[in-house]
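# Analysis of the macromolecular model
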Amino acid sequence: MSYTQSNSSGHLNGGHTHGEIDRYDDNLKDGGPAGASRVRRPGGYGGFLNDNFPLSSEYESAIPSRHRSPDADWDYQAQEDSHRGAQSYMASNRSRSQDRLGRGLGNARAYGSGPGGRQIEGVIQHIEDNWDVLTKDDCVPVHVALQLMDHSSLGRGNDYHDFQSTSQQLQKALKAIVNEHHQGFNSSIGTFHKIQSSIQASQTRVRALKDSVQDAKTSLMITKPELKGMGTLSQRYGDILHVLGQIEKLQGVPEKLDARISEKHFLIAVDLLQDALRIIRRSDMENVGALTDLRIYFSNQETSLTDILVEELHDHIYLKSPYCQERWKSFKANPLTSIASGSSMSALPNSWRRPLYRFLDSLDSSILIEDDASRNPEVDSFQYINLILESLNRLGHLDAAIDTLAQRLPVELFAIVDKTNQEVDVRHPSHLRNSQGANRRSFDLEQGDKTGQNRVLDDLLSTLYSKFEAIAEGHRAVHDVVVGIAKREGLGNGKHLSGGFKEMWKLYQSEVAIAVPLKWPPSDKRVFKLAGIDKKSTNLATEQEDLDQILKASVPGLVSKSRRRSGVNDSKTSSVNGPVAGHKLLIEPSVFNICTLLPPSLGFLQRLKDIVPPDSDIAISTLTSFLDDFLVNVFYPQLDETVTELCTQAFIEMDAFQKDSQWSQKASKPLFKGTSTFFALIQAFCKLLQAIPQDPPFTQLLVSQITAYYTKCSEWYQDLVARLRGQEQHDLQLKPAATMAESGELREVAEQLLNSIDPGLDELRHREISLLLAANQQQPFQPRDIISDHRTVPALCLLYTSMMWLASHLSTLHQVVSEPSATSTKSAQTRRWTLLNLHTKTSSPASTTPYLSLTPSIAASLDRTLFSIRSLALTALLTLHLDIRAGMIHMLGRTLSASYLLAQPTQEPDPSVLTLNSDLLSFDETLGAYLGTREHSFVISGLALLIDTALLSLTPKMVTAMNADGCARMQLNILVLQQNLKAIEVDAVVGRSVEYFDMFTQGAGGIVALAKERGKEVGFTLEELKGLVELSYSEGLRSEGREGAVAARKGLGSALMELSEILWDT
């Protein structure tokens, strides 16, 4: 059968054309004989049918049909069946191809990865799916052929086309595989011949080698006596050559040894030196005279190398090497961080990621370490210490080195502290750090001033503790390495070699006590002093050069180190003074330094606990004993004294009860300078106490000072509102307003007015006015009884605002804690504060808001004091409230005491009215500047009602006579007062007084007529109207004519009687 082909010759690896005859092709056109041309189908060898390539007519005619006779042509139905069979075959091929693609094209194929392999794989899969019967061992081909010829329901005649197509595809796939791999088959034939030739050549060489071995065996079996003498002589010459080789090797050791010492590969240098000493000390080398100089050199080098190792060990333990800079951190100022938080501490984090702990985790002293000559050994400081100790151990001088380390510990620590002290001194000029002086105020601390002494101390502690911690880590590394070496060498636990933490800690305490402002020793103590040596002396220079030459010849690596240390000591002259010598005093000692001192100190102690080995000779619980002793024996007495002194200073300063010029930065209204200073002190002391574990005596001390300040303010208030009782200077009594504000019914009413709501104000105000008028009637107010002057009013306002502000801010400091038990109280006598909440104090930053940890009993005491402070403030405010009213009543009394029988009209109000107006305006302005809106309103509200009521109450009692011109002046006075009050209170009206004196102009008859007309609604009491009627007849009663006086008296009696009849019931 034939297929249509496009754009392909049908060959994958050949150049055949359509006209060529393929020798492998057995599918000829029309089933013709062999040699006929083959029509290619798309895809070359093994290409499968698809829906785009229809079957040819020859292919269709070759398929038999079960619906027709064998001699007849296939009908349309048979063609359709065969076509469906071909499509089924192609569909199954596509499905299998898609399955194979789903499993991944990268999978290995059993028949190769070429087109032929893929074709045959598809054909085999199709056979397994549709013709599985042919793959079985019991398959009978004849039986299958008969089934293909049977078109019944029991046969497989309908699958004949599929069987034929499968057979053709199988043949094509096999041919494609042959075409793909024929070159490999051809080349394998030539390769086989080459391999065969190589095997034959190898066989020939083996035979020749066998013959040579046989000949050698025969020759060795022949005896030769001369060889024995030659062997003995050869052995003697060999020994001589060996000795010469050893001598030559020894001659090269000094150069190698110097190189290794210069490179600081000390473990290699020690091995070289020991090998050289072992060789040179052998018995066969003892009689070699040429080795005498080398023998002396190696002995000197052993001592010199030990000294170098000890110096290198000290360099890395005491941070002298530049490679140790990463083990500690210098201070870096951060103005955004606070002192109390300890965030300015630059110490390395206390975590197990630190280099020391990584070194200890990886340390295995049971295995001898090796020195890598390709790297710098000093890069890893702790590993370098391990290498030095191993080198000293191999030299046999480990115990001497440890003894030297302990002996030099005081000098080295002193040098560290002194150098740090000088570095801090250079970083902080004295004119900046000492600007505050020893008596600096604590509120500087509260504001976080780190430009002065606090910053210096913070720098000193941060740097010093970081270095101390690094030094302790170095000693811990030495301890663990030495203990490991001792166990490996079978020397026990090695404590006799590794002890010394206790001595180191004692020296730490001593140096800290000298370096930081805790308890300063005299600065002039000196055990010895070398600073006076003339270092420019010729003799000294000559001796130094000679010494350098000797050292350079014997110990090459020591001279440069000696010169370097000499240069350092020249620049740091104070370091040569002995360990008992004091350090320069950088800041003045002060109790407030505890805020900066204690947090980093506690943090250092906590980290030191982790560094001290568990099996050391120091008890962990005693690490903080020196700090506890300081807190108990030094700090608390100084704190008590300082708190008392500074608080007392805040009381007694000349400007303590003056307005603070910077009040706007602290409050909404002006304050006493002493109050703001006192609270700043309290805040500073609270922060100070936050820096140490809380202790009830400390908080009780502050509460006592708060109580003392209240007492002082109360005494000042008493002096402010007091007046002389008699002629004696000490005979004082409170002014009426202050007396009424202390206690009594008036205070209760005034408090209700301050706290009441609008519906009850009028009733309370009338009651208050009645009580004031009653007090005035009992004891008239005098000028000396009035407090309201230009000095006292601002002072009382300041007292109120200051006390309320202080009480409000002090109440925010509360933090009540549980009452200590009897056991804890007993144990608190030892004051082991540094063991309490140590982790919290050092690891978490302090709160920016200060607070006081109060026990319930102390909190109750403070609450009582705060109540007293608020009560004092309220008393001052009530005094202002009552004093202005007492002053107004007094001034109204003076106004009414004037004569109102005027000979002529006047356009000027009474002078007392003008004075009262002026005082009221000044009073209101002062209140507005010093008091809040609520308090201001409380003091000035209701003044119009007071004037109205007081005029009506006092006029009948104090005005004895009045005519029309006098009434006009009184009405002018009322009008002026009302207009002035409107400037203070917008809705101020004195309507009853205006109406009262308007009724006077109508005369007694008009008054009686109005009373008769209105009755109970007249708006005035009987006594007030009687007084007004009496004033109406007062001019007539004082008439010079007898008839006029009699008529006035008669009219007055008649009017009063009639008025009494009308208003008797009211």
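Residues numbered from 1 in each chain as written. Predicted model: local features only at pLDDT ≥ 70, side-chain atom pairs only at ≥ 80, totals over all residues. Heavy atoms only, no water.

## What to know about the packing of aromatic side chains
Applying the stated criterion to the full structure yields 15 aromatic pairs. On the numbers, 6.3 Å between centres and 45° between planes, the contact of phenylalanine 266 with tyrosine 384 is tilted. You can see phenylalanine 266 sitting in helix α7 (residues 266-280) and its partner tyrosine 384 sitting in helix α10 (residues 381-395), a full 118 residues away along the chain. Note on phenylalanine 266: relative accessible area 1%, which makes it buried. On the basis of relative accessibility, which here comes to 0%, the residue tyrosine 384 falls in the buried class. Taken together, a centroid distance of 4.7 Å and an interplanar angle of 5° make the contact between phenylalanine 657 and tryptophan 716 stacked. Linking phenylalanine 657 in the loop between α20 (625-652) and α21 (673-690) with tryptophan 716 in helix α22 (residues 696-720), this pair joins segments that are 59 residues apart in sequence. (Phe/Tyr/Trp six-rings, centres within 6.5 Å; stacked < 30°, edge-to-face > 60°. Helix = DSSP H or I, 4+ residues; strand = E, 2+ residues; numbered from the N terminus. Buried < 20%, exposed > 50% of the residue type's maximum accessible area, 1.4 Å probe, protein only.)

## Side note on the confidence of the model for the chain
The predicted model of the chain averages 75 in pLDDT, with 73% of residues at 70 or higher. Considering each helix and strand of the chain separately, the mean pLDDT is smallest for helix α1 (residues 57-61), with a value of 37, and largest for helix α26 (residues 792-811), with 92. Ignoring residues within four places in sequence, the model shows residues 1-91, a span with pLDDT below 50, making 136 contacts including any to other chains. Low pLDDT, under 50, characterises residues 435-450; the predicted model gives this stretch 35 contacts beyond four residues in sequence or across chains. (pLDDT = per-residue confidence, 0-100. Contact = heavy atoms within 4.5 Å.)

## Side note on the environment of leucine 771
On the secondary structure map, leucine 771 appears in helix α25 (residues 761-778). Each C-alpha atom of the pair leucine 771 and valine 749 lies 9.5 Å from the other, and the pair is 22 residues apart in sequence. For leucine 771, the residues in contact, after removing those within four places along its chain, are Glu745, Leu746 and Val749.

## Section: the nonpolar core
Formed by 225 residues in total, the largest nonpolar core has its most connected members in Phe298, Leu389, Tyr508 and Leu639. Looking at which element gives the most residues to this core, the answer is helix α29 (residues 856-896), with 20 residues. With sequence-adjacent residues up to four places away left out, leucine 639 is seen in contact with Val591, Phe685, Leu688, Leu689, Phe698 and Leu701. (Core = buried A, V, L, I, M, F, W, Y, C linked by side-chain atoms within 4.5 Å.)

## Concerning the pattern of salt bridges
As enumerated under the stated definition, the model contains 24 salt bridges in all. Of the charged contacts, one joins arginine 394 and aspartate 271 as a salt bridge, the two residues approaching to 3.0 Å between their closest N and O atoms. Highlighted residues: arginine 394 in helix α10 and aspartate 271 in helix α7, separated in sequence by 123 residues. A relative accessible area of 28% means that aspartate 271 is categorised as partly exposed. (Salt bridge = Lys/Arg side-chain N within 4 Å of Asp/Glu carboxyl O.)

## Some points on unusual backbone geometry
Excluding glycine, residues mostly have negative phi values, and the peptide bonds linking residues are mostly trans. A positive phi angle, near 65°, is found at lysine 264, a position not held by glycine. If you trace the backbone, lysine 264 turns up in the loop between α6 (226-263) and α7. The phi dihedral of leucine 319 falls on the positive side, at around 60°, and the residue is not glycine. Mapping leucine 319 onto the fold places it in the loop between α8 (292-317) and α9 (355-362).

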